[in-house]
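Observations on the three-dimensional arrangement
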Amino acid sequence: MCQLLGMNCNVPTDIVFSFEGFRRRAGLTDTHSDGFGIAFFEGKGVRIFRDEKPAAVSPIADCVKQYNIKSLNVIAHIRKATQGEVSIVNTHPFIREIWGENWVFAHNGNLIALPDLSGCYCRPIGSTDSEAAFCYIADQLKKRYCHKPSEDEIFAIIQEMTQELGKYGTFNFILSNGEWMIAHCSTNLHYITRRAPFCEVQRIDDDGVIDFRNYTTEKDKVTIITTFPLTKNENWTKMEHGGFVFFKDGEKIREIIGVKKQLEDDGTLGTATC
């Protein structure tokens with residue numbers, strides 16, 4: 001399956017350090033070589049790079065380092081195709097307009113069926129289950145609310161639709177409208193929030209090192225979300241199966257614990273894993 005990477009911050013931040021390790025998993029340290037994409041929110045706009053080539057060797061992926069783009073919300077994806085041919089139209093992340101905003105979505109998993117989309121105004125362009133699922137979410141949001149509702153209402157309805165879509169298979173995803181970021185874990189998803197005091201960290205995939213003290217202030221808060229941890233010497237949080245986490249301004253603002261965690265808290269399951 002694919003792998004996901006997201007970043008949510010309280011100040012514009014570049015994702016180069018994380019992305020340089022992440023992209024190596026697309027052909028060098030792992031086999032997610034069926035295309036990649038990365039989207040940066042810049043105010044209400046979105047700058048997006050996609051390529052059907054593996055991210056590890058893609059000249060377009062090189063542009064991420066060269067541009068040194070700083071953003072409050074970033075979503076990236078390296079693809080290992082399960083549905084749909086290897087082509088640019090099937091690369092994540094996908095983007096749609098909802099209530100006059102750009103929404104960006106990337107999925108890791110395999111949905112063996114989907115609700116009927118024949119009555120939806122929002123249709124997939126490619127042939128992936130991922131884009132079709134995002135179109136269903138976008139269409140349902142627009143049908144239920146003519147105008148943008150509160151964040152609590154948005155989070156509630158996305159949770160409801162996720163539970164519906166999750167019945168059809170594996171549904172790890174990251175979603176953002178540029179103001180906040182939602183992560184849902186079906187099998188594997190991890191996150192870490194970096195804040196002062198910052199320190200030196202080392203990447204897993206190539207032993208690259210950075211001292212964040214040289215690039216941050218005491219007020220900075222940066223959360224990184226990814227399928228599997230990217231660094232060796234940090235304590236990543238592993239999300240629970242079925243769990244949701246909502247991030248804003250670099251911090252976790254709301255969490256819905258997963259099924260296994262709930263069973264553990266009830267004393268009916270010994271160990272919770274994602």
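First, a word on scope: everything that follows refers to the structure included in this document. Counting starts from 1 at the beginning of each chain's written sequence and moves along it residue by residue. At least 70 in pLDDT is required for a residue's local features to be given in this predicted model, at least 80 for side-chain atom pairs to be given and counted, and no such filter applies to totals for whole chains, interfaces and linings, which use all residues. Only hydrogens and water are set aside when side-chain values are computed; all heavy atoms of the structure are taken into account.

What follows covers the state of the cysteines. The criterion for a disulfide is a pair of cysteine sulfur atoms lying within 2.5 Å. Applying the stated rule across the entire model yields 0 disulfides. Cys-9 provides the cysteine sulfur closest to Cys-199, a residue in no disulfide bond, and the two sulfurs are 16 Å apart. Cys-199 gets classed as partly exposed once you look at its relative accessible area, which sits at 36%. Buried residues are those whose accessible area, probed at 1.4 Å on protein chains only, stays under 20% of the maximum for their type, while exposed residues exceed 50% and partly exposed ones sit between those limits.

What follows is about empty space enclosed by the protein. A pocket, in this scheme, is an open set of points on a 1 Å grid over the protein atoms alone with protein on both sides within 12 Å along at least 5 of 7 lines, while a cavity is a set where a 1.4 Å probe fits but cannot get out; residues line either one if an atom lies within 4 Å of a point. Grid points are joined across faces, edges and corners, and a volume is the space filled by probe spheres set on the points. The final tally for this structure, using the stated rule, is 1 cavity of 30 Å³ or more. Considering only enclosed or pocket space, the largest cavity measures out at about 50 Å³ in volume. What lines the largest cavity is simply Cys-2, Arg-79, Lys-80, Ala-81, Thr-82, Gln-83, His-92, Gly-109, Thr-128, Asp-129 and Ser-130. Partitioning the lining of the largest cavity into residue classes produces 2 nonpolar, 6 polar and 3 charged. Under the convention adopted here, Pro, Cys and the residues Ala, Val, Leu, Ile, Met, Phe, Trp and Tyr are nonpolar, Asp, Glu, Lys and Arg are charged, and Gly plus all remaining residues are polar.

What follows concerns the nonpolar core. To form a nonpolar core, buried Ala, Val, Leu, Ile, Met, Phe, Trp, Tyr and Cys residues must be joined to one another through side-chain atoms within 4.5 Å. Among the nonpolar cores identified, the biggest contains 30 residues, and Trp-103, Leu-141, Ile-158, Leu-175 and Ile-182 are the most heavily contacted of them. Numbering of helices and strands runs from the N terminus, with a helix taken as a DSSP run of H or I at least four residues long and a strand as a DSSP run of E at least two residues long. Elements that contribute at least two residues to this core include exactly strand S5 (94-98), strand S6 (101-111), helix H3 (129-144), helix H4 (151-166), strand S7 (169-176) and strand S14 (244-248). The leading source of residues in this core is H3, at 8 residues. If near-sequence neighbours (up to four positions away) are discounted, Ile-182 is found in contact with Phe-155, Ile-158, Phe-173, Ile-174, Leu-175, Phe-244, Val-245 and Phe-246. Whether two residues touch is decided by their heavy atoms; if any such pair falls within 4.5 Å, the residues are in contact.

Moving on, we get to unusual backbone geometry. Backbone phi values are negative for most residues with the exception of glycine, while trans is the configuration of most peptide bonds. Between His-92 and the following residue, Pro-93, the backbone shows a cis peptide bond with an omega angle of -5°. Structurally, Pro-93 is set in the loop between strand S4 (71-78) and S5. Following Ala-196, the chain continues into Pro-197 via a peptide bond in cis, with omega recorded as 0°. The residue Pro-197 is located in the loop between strand S9 (190-195) and strand S10 (200-202) in this model. The residue Asn-68 is not glycine, and still its phi comes out positive at about 55°. In this structure, Asn-68 sits in the loop between helix H2 (59-67) and S4.

Along the chain, His-190 turns up in strand S9. A relative accessible area of 7% means that His-190 is categorised as buried. Along the chain, His-190 and Thr-237 lie 47 residues apart, while their C-alpha atoms are 5.4 Å from each other. Not counting chain neighbours up to four residues away, the residues in contact with His-190 comprise Ile-224, Ile-225, Thr-226, Thr-227, Phe-228, Pro-229, Trp-236, Thr-237 and Lys-238. In protein, a polar contact requires one atom able to donate a hydrogen and another able to accept it; more generally it is a pair of N or O atoms within 3.5 Å, and residues adjacent in sequence count only if both atoms are side-chain atoms. Here Thr-227 takes part through its backbone oxygen, which lies 2.7 Å from a polar atom of the side chain of His-190.

With that settled, the discussion passes to H2. Residue pairs three or four apart in sequence face the same way in an α-helix, which turns once every 3.6 residues. Near the N-terminus of H2, the side chain that reaches the backbone nitrogen of Ile-60, with its oxygen 3.1 Å away, is that of Ser-58. The first or second residue beyond H2 is Asn-68, which carries a positive phi of 55°.

Another aspect to go through is the packing of H3 against H4. Only the stretch in contact is used when a helix axis is fitted, and all axes are lines through C-alpha atoms; the angle between N-to-C directions ranges over 0 to 180 degrees. Two numbers describe how H3 lies on H4: the axes approach to 11 Å, and their chain directions differ by 140°. The orientation of H3 with respect to H4, classified from their angle, is oblique. Once H3 is placed against H4, the crossing between them reads as right-handed. Packed against H3, whose contacting residues are Ala-133, Tyr-136, Ile-137, Gln-140, Leu-141 and Arg-144, the element H4 presents Ile-157, Ile-158, Glu-160, Met-161, Glu-164 and Leu-165 at the interface. When describing relative orientation, an angle under 35 degrees is termed roughly parallel and one over 145 degrees roughly antiparallel, while 65 to 115 degrees is termed roughly perpendicular and anything else oblique. Take the far helix as the reference: if the near one is turned anticlockwise from it by less than a right angle, the crossing is left-handed, and if turned clockwise, right-handed.

Any functional reading would require information beyond the geometric quantities listed.
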